[in-house]
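Remarks on the overall topology
Read off the chains here:
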Amino acid sequence: MRLQKFMAKSGLGSRRACEEIIKQGRVEVNGKIINKMGMSVNPEKDRIKVDGELIQISTEKIYILMNKPTGVITTVNDPFNRPTVIDMLKSVKERVFPVGRLDKDTEGLLILTNDGSLTYKITHPKYEIQKTYRLA
């Protein structure tokens, strides 16, 4: 598995954010500082540290149902610093992401999870999961 993918799965941030952390020289693999992309790691054997702290992938699946209020963006990160659904989950330490999207001016039920398989099954058209939207 690529180092940045492992880091993202451990909850450090998106793959792009993890690539920046690697470029900054903040990552050690088996005691050696890594600052270039392309390294593969074995999560079972390699010791990966970021800023001196050992990281690992959580195997626990998290499922959150949220009633998203209006004015909140359905995204993990917003470059314009608008409030996001992730901002509402300050007590959740694991990295979760929204399944699907609701517009900023829409409120309603939203699923957030770290379960990529479930996300794929809910969002990919081949599974033909019907979604119903009611507008008021």
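This text goes with the structure placed above it.
Residues numbered from 1 in each chain as written. Predicted model: local features only at pLDDT ≥ 70, side-chain atom pairs only at ≥ 80, totals over all residues. Heavy atoms only, no water.

We now examine the pattern of salt bridges. The final tally for this structure, using the stated rule, is 3 salt bridges. Its salt-bridge partner being R82, residue D78 comes within 2.8 Å of it at the nearest N-O pair. For D78, a relative accessible area of 8% gives the class buried. (Salt bridge = Lys/Arg side-chain N within 4 Å of Asp/Glu carboxyl O. Buried < 20%, exposed > 50% of the residue type's maximum accessible area, 1.4 Å probe, protein only.)

So, about the packing of aromatic side chains. Within the structure shown, the criterion is met by 1 aromatic pair. Centroid distance Y120 to Y127: 5.8 Å. Interplanar angle 80°. Geometry classified as edge-to-face. Overall, the relative accessible area of 38% leaves Y120 in the partly exposed class. Classification of Y127 as partly exposed rests on a relative accessible area of 35%. (Phe/Tyr/Trp six-rings, centres within 6.5 Å; stacked < 30°, edge-to-face > 60°.)

A grouping of Y120, Y127 and I129 is seen on the molecular surface, where their side chains present a nonpolar patch of about 270 Å² in accessible area. By the element assignment, I129 lies in the segment after α3 (116-123). (Patch = residues over 30% accessible without salt bridge, like charges linked within 9 Å, V, L, I, M, F, W, Y side chains within 5 Å. Areas by Shrake-Rupley, 256 points an atom, 1.4 Å probe, with all protein chains shown as cover. Helix = DSSP H or I, 4+ residues; strand = E, 2+ residues; numbered from the N terminus.)

Before going further, it helps to spend a moment on unusual backbone geometry. Look at N30: it is not a glycine, yet its phi comes out positive at around 55°. Following the sequence through the fold, N30 ends up in the loop between β1 (27-29) and β2 (32-34). Even without glycine at this site, D51 takes up a positive phi of about 55°. Position of D51 among the secondary structure elements: in the loop between β3 (48-50) and β4 (53-54).

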